[in-house]
Amino acid sequence: MFDAISKKLFADEEGAPALIRRLLKENFGQYKYQYMIAFGFMIIAAAAGAASAAIMKNVINQVFIDRDITMVYVISAAVVTIFLTKGFATYAQTIVLSKIGNSIIAKLQRDMFEKVTRLGVRYFDHTTFGDLATRFSHNTGAARSVMDLIVLSAGRDVMSVIGLVTVMIWQNPLLSLISMTIMPPAVYAVSKLVRRVKKIAKSQFVSQTMILSLVKEMALGIRVVKSFNYESNMHSAMKSAVGDVEVQSNKIAKLQARTSPLMETLGGIAIAVIILYGGYSVIALGQDPGAFFAFITALLLAYEPIKRLARFQVNLNTRLVGVRLMYELLDMPEENAKTAEKPDLKVTAGHIEFKGVEFDYGENKALNGLSLVAKPGEVTALVGASGAGKSTVFSLIERFYEIDKGEVLIDDQDIRHFNMESLRSKLAIVTQDTFLFDRTIRENILIGRPDATDDEIIAAAKNANAHEFIEKMEQGYESRAGEGGTRLSGGQRQRLAIARAMLSDAPILLLDEATSALDAESESKVHSALTRLMKGRTTLVIAHRLATVRDADTIHVLSHGKLLESGTHNQLYEMDGYYRHLCELQFTSSNENDKDTKALK
Ligand code: ADP
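Residues numbered from 1 in each chain as written. Predicted model: local features only at pLDDT ≥ 70, side-chain atom pairs only at ≥ 80, totals over all residues. Heavy atoms only, no water.

Let us now look at a positive patch on the surface. Together, Arg196, Lys199, Lys251, Lys254 and Arg258 make up a region of like positive charge exposed at the surface. At the level of secondary structure, the elements contributing two or more residues to the positive patch comprise helix H8 (183–220) and helix H10 (231–283). It is H10 that provides the largest number of residues to the positive patch, a total of three residues. In this structure, Lys199 sits in helix H8. Taking relative accessible area as the criterion, Lys199 reaches 69% and is therefore assigned exposed. (Patch = residues over 30% accessible without salt bridge, like charges linked within 9 Å, V, L, I, M, F, W, Y side chains within 5 Å. Areas by Shrake-Rupley, 256 points an atom, 1.4 Å probe, with all protein chains shown as cover. Salt bridge = Lys/Arg side-chain N within 4 Å of Asp/Glu carboxyl O. Lys, Arg positive; Asp, Glu negative; His and termini not counted. Charge placed at Lys NZ, Arg CZ, Asp CG, Glu CD. Helix = DSSP H or I, 4+ residues; strand = E, 2+ residues; numbered from the N terminus. Buried < 20%, exposed > 50% of the residue type's maximum accessible area, 1.4 Å probe, protein only.)

The next thing to look at is the pattern of salt bridges. Taken as a whole and assessed by the stated rule, the structure comprises 26 salt bridges. Here Glu334 ties to Arg118 by a salt bridge, and the two come within 2.9 Å at their closest N and O atoms. Placement of Glu334 in the loop between helix H11 (289–330) and strand E1 (352–360) and of Arg118 in helix H4 (residues 69–118) is noted, with a sequence separation of 216 residues between them. On the basis of relative accessible area, Arg118 is assigned to the partly exposed category, the value being 30%. Arg442 is paired through a salt bridge with Glu478; the nearest N and O atoms lie 3.2 Å apart.

Right, let's get into the nonpolar core. One finds Ile445, Ile470, Leu496, Ile498, Ile555 and Tyr579 to be the most contacted residues of the largest nonpolar core, which totals 48 residues. Sorting elements by how many residues they give to this core places helix H17 (residues 490–504) first, with seven residues. For Ile445, the residues in contact, after removing those within four places along its chain, are Ile457, Ala461, Ile470, Tyr477, Leu496, Ala499, Arg500 and Leu503. Counting 36 residues, the second-largest nonpolar core is a separate cluster that includes Ile104, Ala143, Leu320 and Met326. (Core = buried A, V, L, I, M, F, W, Y, C linked by side-chain atoms within 4.5 Å. Contact = heavy atoms within 4.5 Å.)

Summed over the entire model, instances satisfying the criterion amount to eight aromatic pairs. Summarising the aromatic geometry, the rings of Phe113 and Phe136 are spaced 6.1 Å apart at their centres and angled 70° between planes, so their arrangement reads as edge-to-face. Within this pair, whereas Phe113 is found in helix H4, its partner Phe136 is found in helix H6 (residues 129–171), the two being separated by 23 residues in sequence. Residue classification places Phe113 among the exposed positions, given a relative accessible area of 54%. (Phe/Tyr/Trp six-rings, centres within 6.5 Å; stacked < 30°, edge-to-face > 60°.)

Time to look at the side chain of Arg135. Structurally, the position occupied by Arg135 is in helix H6. Every residue in contact with Arg135, bar those within four places of it in the chain, is listed here: Met112, Thr140, Phe205, Leu325, Glu328 and Leu329.

Along the chain, the position of Glu565 falls in strand E10 (residues 562–567). In this structure, Glu565 is buried with no salt-bridge partner, the nearest side chain bearing the opposite charge being Arg580 at 10 Å. For Glu565, the side chain forms a polar contact with the main-chain nitrogen of Tyr579, separated by 3.2 Å. What Glu565 contacts, discounting residues up to four positions off in sequence, is Ile555, His556, Val557, Leu572, Met575, Gly577, Tyr578 and Tyr579. (Polar contact = N/O pair within 3.5 Å; in protein donor to acceptor, adjacent residues only side chain to side chain.)

This part is about the packing of helix H7 (residues 173–180) against H10. Taken N-terminus to C-terminus, the directions of H7 and H10 make an angle of 160°; their axes are 10 Å apart at the nearest point. Classified by the angle their axes make, H7 and H10 are roughly antiparallel. By crossing handedness, the relation of H7 to H10 is classed as right-handed. Facing H7, whose interface residues are Leu174, Leu175, Ile178 and Ser179, H10 presents Val273, Ile274, Tyr277 and Gly278. Within the contact of H7 with H10, the residues separate by chemical class into six nonpolar, two polar and no charged. (Axes fitted to C-alpha atoms, helices over the stretch in contact; angles between N-to-C directions. Parallel < 35°, antiparallel > 145°, perpendicular 65-115°, else oblique. Left-handed = near helix turned anticlockwise from the far one by under 90°. Nonpolar A, V, L, I, M, F, W, Y, C, P; charged D, E, K, R; others polar.)

The end-to-end C-alpha separation of helix H3 (residues 32–65) is 49 Å, in line with the 50 Å expected for 34 residues at 1.5 Å each. Along H3, the helix axis deviates most sharply at Val59, where the bend reaches about 25°. Following H3 by one or two positions, Arg67 adopts a phi angle in the positive range, close to 55°. (Expected span 1.5 Å × (residues − 1). Bend = angle between axes of the 7 residues up to and from the residue.)

Here we take up the site of the ligand. Taken together, Asp125, Tyr361, Ala366, Ala385, Ser386, Gly387, Ala388, Gly389, Lys390, Ser391, Thr392 and Tyr401 are the residues near the ligand. The contact in question runs from an oxygen atom of the ligand to an N or O atom on the backbone of Gly387, over 2.7 Å. Contact between the ligand and Thr392: an oxygen atom at 2.4 Å from a side-chain N or O atom of the residue. Protein burial of the ligand: of its 550 Å² of free accessible surface, 60% is covered by the chains. The leading source of residues in the shell around the ligand is helix H12 (residues 390–397), at three residues. Counted by class, the shell around the ligand contains five nonpolar, five polar and two charged residues. (Near = heavy atom within 4 Å.)

Turning our eyes to something else, we now look at the sheet that holds E1. One open sheet holds the four strands; their spatial order is E2-E1-E4-E5, and the pairing between them is antiparallel. Looking at strand neighbours, the two that pair on one side only are strand E2 (365–374) and strand E5 (413–414), the edges of this open sheet. The sheet contact formed by E1 and strand E4 (residues 405–410) spans five bridges and is antiparallel. Bridged to Lys355 within E4 is Glu407. (Pairing = 2+ DSSP bridges.)

We now examine the environment of Ala270. Structurally, Ala270 is set in helix H10. Judged by its relative accessible area of 10%, Ala270 is buried.

Each pair of packed helices gets described by two things: the angle between the helix axes and the distance between those axes. Direction vectors running N to C along H7 and H11 enclose 25°, while the axes themselves pass 11 Å from each other. Considering the angle they form, H7 stands roughly parallel to H11. When you trace H7 past H11, the crossing you get is right-handed. Across the interface between the two elements, Leu175, Ser176 and Ser179 of H7 pack against Phe292, Phe295 and Leu299 of H11.

What follows deals with H11. Its 42 residues give H11 an end-to-end C-alpha distance of 59 Å, which sits within 8% of 62 Å, the value for a rise of 1.5 Å per residue. The principal kink in H11, of about 40°, is found at Phe312. Between a side-chain oxygen at the N-terminus of H11 and the backbone nitrogen of Gly290 the separation is 2.8 Å; the capping residue is Asp288.

What follows deals with the environment of Ile169. Mapped onto the fold, Ile169 is located in helix H6. A relative accessible area of 44% places Ile169 in the partly exposed class. For the pair Ile169 and Arg67, spaced 102 residues apart in sequence, the C-alpha separation works out to 27 Å.

As structure tokens, then:
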């Protein structure tokens, strides 16, 4: 029977009971001693609260009716002691709970960040910065406040109410029964509010993520925003997102506040009825006035915690929306999970082969039965119109995505059968939009091989033609790169990427040439650094420059996710097919009055 109930209660994994159970399971156990201490203090505070009500009986009977002067001193001293105890216990409980709460947030944020690093690239294709940032900050906070809410309600409020209701029943059972009659209508009205609150809290999350994404776009895209006078558009997007959050927050506040007039009205009526009946029974029936006063005090003191308990469901459900979103992220399937146990990929020659590979990002096919080979130690160029699938080939070699059909082989080994880390350590990547972290130049190069010595870093930088410009920077290798590398020019960023790749010394190089033209000096420095880097490695290059395709050992021409033509530049050019057409349209020469351009004609 109990099993059946619990099965039904927790059947919906997203439902409130299941979420709370999980939250408690994951957090309560870890802090059980601290929570027990907090509970201890809550019991003390609740007992002090009950005592402060009970003592009213003595105040009335012994001080006002019996006019006993010694009792005035005794009772005053007792009152001070009771309130001091209550104050100290509440202080201690607050501190213990805050410490637990902060530690819960820290742990969740750590877990979440680690989780995010283990997620596949596909997840990031569909996620905004705002979404992630909101889950990190707001939603971990929500988890903490749900824990606080549960503990405080179960501890402080329930125990206070138990203490005070005990005093009430002890002093006057009949009046206690009368005051309980407000409970059913209160519970009914509150449960109706809960449903509406849940819905609004969810849409509030969406608008919050929008705000953060806009702020990020503003920071990163400031140049575009300014040059295209795009400010007013950004303003109106922001205005609408901020406005939405404002409206939703107001709605939630209104719903949460609605419990107050509800409870006040019901409470007022109950207290009035009690005064009517109690006053009548003291005056007309000669009952103990002290007991009546103690009862009324207990009732008034119980009123606040009861109101909080009435709001409990509304507050809980607002916050659980955040917890749900947090767990949604923490439960995402990880990309490495399935491969961690697999053996290391061993690369000896560096022979890459695609065999009938089919792949789509969810809609149209990006690769449509692609077969190609990149031979060891050679330079293989991929060319094709934009959208032909060149970058997808790189992403699949790096295993950012799983292919739908076919095989990707490195030295005749299907890369799916090996662990991810060993695969990626065999690949060096130099792309046109090199990402630099906002750390020092040294740390940015060190990413290539974290255990490299300073001498090795400098050697790599020299080989990448980067040493010279790094030395000229104010703090040399210790200068910061700026967020995304904004403090460096395109050519400099590329040379740092080359230094990184030099340091990693991986046998396979994936190179995405810059489409934007660098100045002639930068261009030649990048070019000579790349020539050194390619030496002795299997290089697959997405080519945008004529010089590159001319030097390549093999060129693969892609179109609509398929291999169209293969050969050397001269062979393909002679064929007078698609490649020649592309050459005439697409390739930029490295130098304005380059002989290559003439050679083409
Ligand atoms: P290329 O590098 O040759 O320009 P891509 O490999 O980037 O081509 O793209 C091949 C196809 O896949 C294109 O139609 C493109 O729109 C689509 N595509 C690329 N990346 C993604 C992605 N992250 N999500 C969805 N579609 C994508």
